[in-house]
Amino acid sequence: PLAGRARVEEYEGKALPPFASDVLAAVAGADGAFALGPLPLGSLGVAVSAPRHASRRVETDVPARGRAVDLGDVALAPGLAIRGRVRDREERGVEGAAVRATAQGPGAAGAGEAESGAAGRFEIGGLPPGRYEVTASATGYAMGRAVAEAGGEGVDVVLDEGGTLTGRVADEAGAPVEDARVTARDESGRESWRSASGRSDEGDGRFTLRDVPPGRYDLEVQAGDRGEASRAGVRVAAGRVTDVGTVVLARGGDRPRARDRKSVGEGTRVDLGGRRIINK
């Protein structure tokens, strides 16, 4: 028997959001027994996991109310591990970083977490075979990423010292705008690798984005019916504070984002974040 956890991750062929899976979850004690419920009727995908073992998905069906479904014994194979080190550019280990491994590829299942210890070393165990994206974050640093094979060679996750981006949001009359959403995206468009977001909730419409990776960003500000604005080419330096001043919102129209403004030749199709422009 293994002490572990069971949770419903899929309903009627669709993945559940994390908060829903957390509700439909149960802990298995030292005897390995667990009980989930009450559960919705229909087909379910149940993920069963235990420390240092590879998780396993079990498909089942709840046919009627009041019926109990016995999954029997769910056998878990010993899992593989990803080992490595979190460090900065000066080769110094970063202790206390939050490290997470997520399986890559369509339909890939598998994830694990750990905290880096002395000299920045970490180990994430109980993973199925496969390729994983490994992320690490720590206060004062921008998030770092690496790719590793479960059971393969150790990996270094390198953290850059983060920069700070600050400013103020105002409407066309100059009045401060509170709770506007502020997003900085890497100009290269690699949003999953370099992005930061926050809100103007510090009083007087001010906002601060911390631990931003060094680079050039397009800044986008949205405040519902109060308007939106964008600013291109904002440079963030490691360990420095970049103040963009006051960003003034404009009302009306579907304004293109800074990185969407391109010169389009005749007959060219351009996808602008879900919108499509055809220049005939």
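The structure we're discussing is the one just above.
Residues numbered from 1 in each chain as written. Predicted model: local features only at pLDDT ≥ 70, side-chain atom pairs only at ≥ 80, totals over all residues. Heavy atoms only, no water.

A. Representation of the overall build of the protein in the model. Along the protein, the regular secondary structure elements total 1 helix and 21 strands. Residues counted as buried form 37% of the 280 residues belonging to the protein. (Helix = DSSP H or I, 4+ residues; strand = E, 2+ residues; numbered from the N terminus. Buried < 20%, exposed > 50% of the residue type's maximum accessible area, 1.4 Å probe, protein only.)

B. Quick look at the nonpolar core. With 21 residues, the main nonpolar core has Ile82, Val86, Phe122 and Val134 as its most contacted residues. When contributions to this core are tallied by element, the ones reaching two or more residues are strand S6 (80–88), strand S7 (98–103), strand S9 (121–127), strand S10 (131–137), strand S11 (144–149) and strand S12 (155–159). If we ignore the near neighbours within four places in the chain, the residues touching Phe122 are Ile82, Arg83, Gly84, Arg85, Val86, Val99, Glu115, Ser116, Val134, Val155 and Val157. In this structure, Val177, Tyr217, Val236 and Val244 belong to the second largest nonpolar core, which totals 20 residues. (Core = buried A, V, L, I, M, F, W, Y, C linked by side-chain atoms within 4.5 Å. Contact = heavy atoms within 4.5 Å.)

C. Representation of the layout of surface pockets within the structure. When its volume is computed, the largest pocket comes out at roughly 900 Å³. Mapped by element, the contributors of at least two residues to the lining of the largest pocket are strand S1 (4–11), helix H1 (18–23), strand S4 (42–49), strand S5 (56–62), S7, strand S8 (111–115) and S9. Among the residues making up the lining of the largest pocket, the classes are represented as 17 nonpolar, 9 polar and 9 charged. Of the pockets and cavities examined, the second largest pocket occupies roughly 610 Å³. Lining of the second largest pocket is provided by 34 residues; of these, Phe34, Ala35, Val69, Leu71 and Gly72 occupy positions nearest its centre. Looking at the lining of the second largest pocket, the element that brings in the most residues is S4, giving 4 residues. (1 Å grid on protein atoms, 1.4 Å probe; cavity = no way out; pocket = protein on both sides within 12 Å on 5 of 7 lines; lining within 4 Å. Points joined across faces, edges and corners; volume = space filled by probe spheres on them. Nonpolar A, V, L, I, M, F, W, Y, C, P; charged D, E, K, R; others polar.)

D. Expanded view of unusual backbone geometry. With omega at 0°, the peptide bond leading from Gly37 into Pro38 counts as cis. The topology assignment puts Pro38 in the loop between strand S3 (25–28) and S4. If you check the backbone angles, Asp204 has positive phi at about 60° while not being a glycine. The residue Asp204 is located in the loop between strand S15 (195–199) and strand S16 (206–212) in this model.

E. Main features of the sheet that holds S11. Read across the sheet, 4 strands follow the order S8-S7-S10-S11 without closing on themselves; strand pairing throughout is antiparallel. Sheet topology places S8 and S11 at the edges, where each strand pairs with a single neighbour. Ignoring strand direction, the axes of neighbouring strands in this sheet form an average angle of 20°. Here S10 runs beside S11; their pairing, made up of 6 bridges, is antiparallel. By the bridge assignment, Glu133 is partnered in S11 with Val147. (Pairing = 2+ DSSP bridges. Axes fitted to C-alpha atoms, helices over the stretch in contact; angles between N-to-C directions.)

F. Fine view of the environment of Val94. Locating Val94 in the fold gives a position in the loop between S6 and S7. The spacing of Val94 and Val158 is 64 residues in sequence and 9.3 Å in space, taken between C-alpha atoms. Not counting the four nearest positions on each side in its chain, Val94 is found in contact with Val86, Arg87, Asp88, Ser116, Gly120, Ala138, Tyr141 and Leu159.

G. Representation of the environment of Gly205. Residue position: Gly205 is located in the loop between S15 and S16. Relative accessible area serves as the criterion here: at 0%, Gly205 is assigned to the buried category. C-alpha of Gly205 to C-alpha of Gly167: the two residues are 38 residues apart in sequence and 8.4 Å apart in space. Apart from residues lying up to four places away in sequence, Gly205 is in contact with Gly167, Arg168, Val169, Pro176, Val177, Glu178 and Ser200.

H. A look at the sheet that holds strand S13 (residues 163–170). Read from one edge of the open sheet, 3 strands run S16-S13-S19, paired in mixed fashion. At either margin of the open sheet sits one strand with a lone partner, and together these are S16 and strand S19 (241–248). The sheet shows a mean angle of 20° between the axes of neighbouring strands, direction not considered. Note that S13 and S16 share 5 bridges and pair antiparallel. Looking across to S16, one finds that Leu165 is bridged to Leu209.

I. Seen up close, the pattern of salt bridges. Counted by the stated rule, this structure contains 20 salt bridges. Through salt bridges with shared partners, a single network forms among Arg5, Arg7, Glu9, Glu10, Asp22, Arg57 and Glu59. (Salt bridge = Lys/Arg side-chain N within 4 Å of Asp/Glu carboxyl O.)

J. Spotlight on the environment of Ala170. Mapped onto the fold, Ala170 is located in strand S13. For Ala170, a relative accessible area of 1% translates into the label buried. On a C-alpha basis, the gap between Ala170 and Gly227 in space is 9.9 Å, while along the polypeptide they are 57 residues apart. Apart from residues no more than four positions distant in its own chain, Ala170 is found in contact with Ala175, Pro176, Val177, Thr246, Val247, Val248 and Leu249.

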